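Observations on the model geometry
In case you want the letters, here they are:
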2 protein chains.
Amino acid sequence: MSDAPARRPGRRSGPTVSRGDILAAARRLFAERGYDGATIRAIAQEAGVDAALVHHFFGTKEQVFVAAMELPFQPADLLPQLVGGPREQVGERFVRLFLALWRDPERRAPVLALLRSATTNEQAAEMIRQFVTEALVTRVAGALGVPPLRVTAAASQLIGLAMVRHLIGVEPLASADEEEIVRLVAPTIQRYLDGD
Amino acid sequence: MSDAPARRPGRRSGPTVSRGDILAAARRLFAERGYDGATIRAIAQEAGVDAALVHHFFGTKEQVFVAAMELPFQPADLLPQLVGGPREQVGERFVRLFLALWRDPERRAPVLALLRSATTNEQAAEMIRQFVTEALVTRVAGALGVPPLRVTAAASQLIGLAMVRHLIGVEPLASADEEEIVRLVAPTIQRYLDGD
């Protein structure tokens, strides 16, 4: 029911509604066409707005996805933190950043929701697979000069950590101290990302 | 509406129906009371049979659970394969056995179903958490003399491997050769299980 989102000074809720409309349209399109198949143009069309407005509100398709899924991070912003700094501490940086993302129940809720969708819905799994590949795996592999297989191995350890710690909740990992987890898991990630 | 499960030579489907009835009752009880809370006696009562019959058909509570969830392995049978053999190859044995369990789509389907339940249903997660703790973590930790935290860390890597390879399906891990996965992941499991 929302109409054109052009700025109307007399109607305060106008732009707010449009942002929500665009994100709802984006969620539908990503679910239907996958991350690769949904374009900014198609999302704009689905929302009944101009593509320029989607760009103006959110930026790139990746940023639209992050906003639509309410992810607590922008992959492009994380990359410098991960790949910058001493190469021999890259494993520790990955684990610390990952633990920080999962620490706060409100921040991890949308990531948990995505993980749940991936396990129960093949269409959602496809969308998440494409996003993870493009926004995370390919980018980290390129930035570190590491084969993508090794990046996905590192991802598997971190995703498994989230599963066992937060989703299944197996003790003593579920309530282990973060520093203890860093000591245990950082060498794993380091080894994967050190390459052959 | 199955009745008493006593052997009746003239009624071929009798015992078969009883097995199914008992497993259905077990699934209800495990879901309602968790793995710890469901007893053989309660399962028998729920199924309307004698506890001795449940023992006769399935054995221990752990074996009832495995049959009810259609798991492709009995933890008690796996243990000798895992902890027997050279200690410096324990990581490789875990990874090879895990890959073998997940190789066949029919065998992995019930494990995937459990993993899905754990991610979407807190009651199911509780049940699985208790089973994993008792049947796998505590037992492996005891047999290898390794702190349970290190066993759960190893479990997190293996569960993450299954998630990324079979549930989300991120390439190139999803279609990587098993030998390549052994080379990548076995040293991780070995390090966790080597202890401090």
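Residues numbered from 1 in each chain as written. Chains lettered and ligands numbered in written order. Predicted model: local features only at pLDDT ≥ 70, side-chain atom pairs only at ≥ 80, totals over all residues. Heavy atoms only, no water.

**A short note on helix α3 (residues 51-58) of chain A**
All names here are of chain A.
- The set of residues buried in α3 consists of Leu 53, Val 54 and Phe 58. All buried residues of α3 lie within an arc of 105 degrees about the axis, which places them on one face of the element.
- One or two residues past the end of α3 sits Gly 59, with phi positive at roughly 100 degrees. (Buried < 20%, exposed > 50% of the residue type's maximum accessible area, 1.4 Å probe, protein only. Helix = DSSP H or I, 4+ residues; strand = E, 2+ residues; numbered from the N terminus. Arc of directions from axis to C-beta.)

**A word on the relation of the copies chain A and chain B**
- Least-squares fitting of chain A to chain B yields an RMSD of 0.0 Å, with the transformation described by 0.0 Å of translation along the axis and a rotation of 180 degrees. What the superposition gives is, in effect, a two-fold axis relating one chain to the other. In terms of proximity to the rotation axis, the leading residue of chain A is Gly 160 of chain A, whose C-alpha is 1.8 Å off the axis. (Least-squares fit on C-alpha atoms with pLDDT ≥ 70 in both.)

**Describing the packing of aromatic side chains**
- Evaluated as defined, the whole model comprises 14 aromatic pairs over all chains.
- Residues Phe 98 of chain A and Trp 102 of chain A carry aromatic rings whose centres are separated by 5.7 Å and whose planes lie at 40 degrees to one another, so their mutual orientation is tilted. Taken together, the positions of Phe 98 of chain A and Trp 102 of chain A, both in helix α6 (residues 90-103) and 4 residues apart, correspond to about one turn of that helix. Each member of the pair, Phe 98 of chain A as well as Trp 102 of chain A, carries the same accessibility label: buried.
- Relative to Tyr 35 of chain B, the ring of Phe 30 of chain B lies with its centre 5.7 Å away and its plane at 20 degrees, an arrangement referred to as stacked. Neither Phe 30 of chain B nor Tyr 35 of chain B differs from the other in exposure class; each is buried.
- By the ring-pair criterion, three or more aromatic residues cluster together here, those being Phe 30, Tyr 35, Phe 65 and Phe 131 of chain A.
- The ring of Phe 57 of chain A is capped by Arg 19 of chain A, whose NZ or CZ atom sits 5.5 Å from the centre of that ring. (Phe/Tyr/Trp six-rings, centres within 6.5 Å; stacked < 30°, edge-to-face > 60°. Lys NZ or Arg CZ within 6 Å of the ring centre and 35° of its normal.)

**Concerning the domain arrangement of chain A**
All names here are of chain A.
- Here chain A is described as being made up of domain 1 (14-68) and domain 2 (75-193).
- Centre-to-centre, using C-alpha coordinates, domain 1 lies 26 Å away from domain 2.
- With 9 residues of domain 1 at the interface, the matching set in domain 2 holds 9 residues.
- Both sides together, the interface formed by domain 1 and domain 2 hides about 860 Å², and carbon and sulfur atoms give 61% of it.
- It is Tyr 35, Glu 62 and Phe 65 that lose the most area in domain 1 upon contact with domain 2, and together they represent 58% of the buried surface on that side.
- On the surface where domain 1 and domain 2 come into contact, there are 1 salt bridge. (Domains from an automatic or database assignment. Contact = heavy atoms within 4.5 Å. Buried area = accessible area lost by both parts, 1.4 Å probe. Salt bridge = Lys/Arg side-chain N within 4 Å of Asp/Glu carboxyl O.)

**What to know about the interface of chain A and chain B**
- In this assembly, 40 residues from chain A lie in contact with 40 residues from chain B.
- Across the chain A/chain B interface, buried area totals approximately 3200 Å², and carbon plus sulfur atoms make up 69% of it.
- For the pair chain A and chain B, the interface holds 0 salt bridges.
- For the pair chain A and chain B, the interface holds 17 residue pairs in polar contact (both at pLDDT 80 or more).
- Those elements giving two or more residues to the side of chain A that touches chain B turn out to be α7 (105-120), α8 (122-144), α9 (148-167) and α10 (178-193) of chain A. (Polar contact = N/O pair within 3.5 Å; in protein donor to acceptor, adjacent residues only side chain to side chain.)

**What to know about unusual backbone geometry**
All names here are of chain A.
- Put simply, Glu 171 and Pro 172 share a cis peptide bond, and its omega is 5 degrees.
- Positioned with a positive phi, Glu 70 is a non-glycine residue whose angle comes to about 55 degrees.
- Here Glu 70 shows up in the loop between α4 (61-68) and α5 (75-83).
- The exposed category is assigned to Glu 70, whose relative accessible area is 55%.

**Here's the deal with the environment of His 166 of chain B**
Residues and elements named next belong to chain B.
- By secondary structure assignment, the location of His 166 is in helix α9 (residues 148-167).
- On the basis of relative accessible area, His 166 is assigned to the partly exposed category, the value being 26%.
- For the pair His 166 and Ala 125, spaced 41 residues apart in sequence, the C-alpha separation works out to 20 Å.
- If near-sequence neighbours (up to four positions away) are discounted, His 166 is found in contact with Trp 102, Arg 108 and Leu 161.

**Quick notes on the nonpolar core**
- Among the nonpolar cores identified, the biggest contains 146 residues, and Phe 30 of chain A together with Phe 30 of chain B are the most heavily contacted of them.
- Leaving out residues up to four positions away in the same chain, Phe 30 of chain B has contacts with Tyr 35, Ala 38, Ile 43, Lys 61, Val 64, Phe 65, Met 69 and Met 127 of chain B. (Core = buried A, V, L, I, M, F, W, Y, C linked by side-chain atoms within 4.5 Å.)

**Some words on the packing of helix α4 (residues 61-68) of chain B against helix α8 (residues 122-144) of chain B**
All names here are of chain B.
- Close contact between α4 and α8 brings their axes to 12 Å; oriented N to C, the two are set at 125 degrees. The angle between α4 and α8 falls in the class oblique. The element α4 and its partner α8 pack so that their crossing is left-handed. Only Met 127, Phe 131, Ala 135 and Arg 139 of α8 make contact with α4, whose side of the interface consists of Glu 62, Phe 65 and Val 66.
- Partitioned by chemical class, the residues of the contact of α4 with α8 number 5 nonpolar, no polar and 2 charged. (Axes fitted to C-alpha atoms, helices over the stretch in contact; angles between N-to-C directions. Parallel < 35°, antiparallel > 145°, perpendicular 65-115°, else oblique. Left-handed = near helix turned anticlockwise from the far one by under 90°. Nonpolar A, V, L, I, M, F, W, Y, C, P; charged D, E, K, R; others polar.)

**Quick look at the pattern of salt bridges**
- Under the counting rule described, the total for this entry stands at 14 salt bridges over all chains.
- Put simply, Glu 178 of chain A and Arg 103 of chain A hold a salt bridge, and the shortest N to O gap is 2.9 Å. Pair noted here: Glu 178 of chain A is in helix α10 and Arg 103 of chain A is in helix α6, with a separation of 75 residues, a long-range link.
- Across the pair Arg 96 of chain B and Glu 179 of chain B runs a salt bridge whose closest N-O atoms are separated by 2.8 Å. Highlighted residues: Arg 96 of chain B in helix α6 (residues 90-103) and Glu 179 of chain B in helix α10 (residues 178-194), separated in sequence by 83 residues.
- The class for Arg 96 of chain B is partly exposed, based on a relative accessible area of 33%.

**Section: the environment of Gly 160 of chain B**
- Examined against the element boundaries, Gly 160 of chain B turns out to sit in helix α9.
- The class of Gly 160 of chain B is buried, set by a relative accessible area of 0%.
- If we ignore the near neighbours within four places in the chain, the residues touching Gly 160 of chain B are Ser 156 and Gly 160 of chain A.

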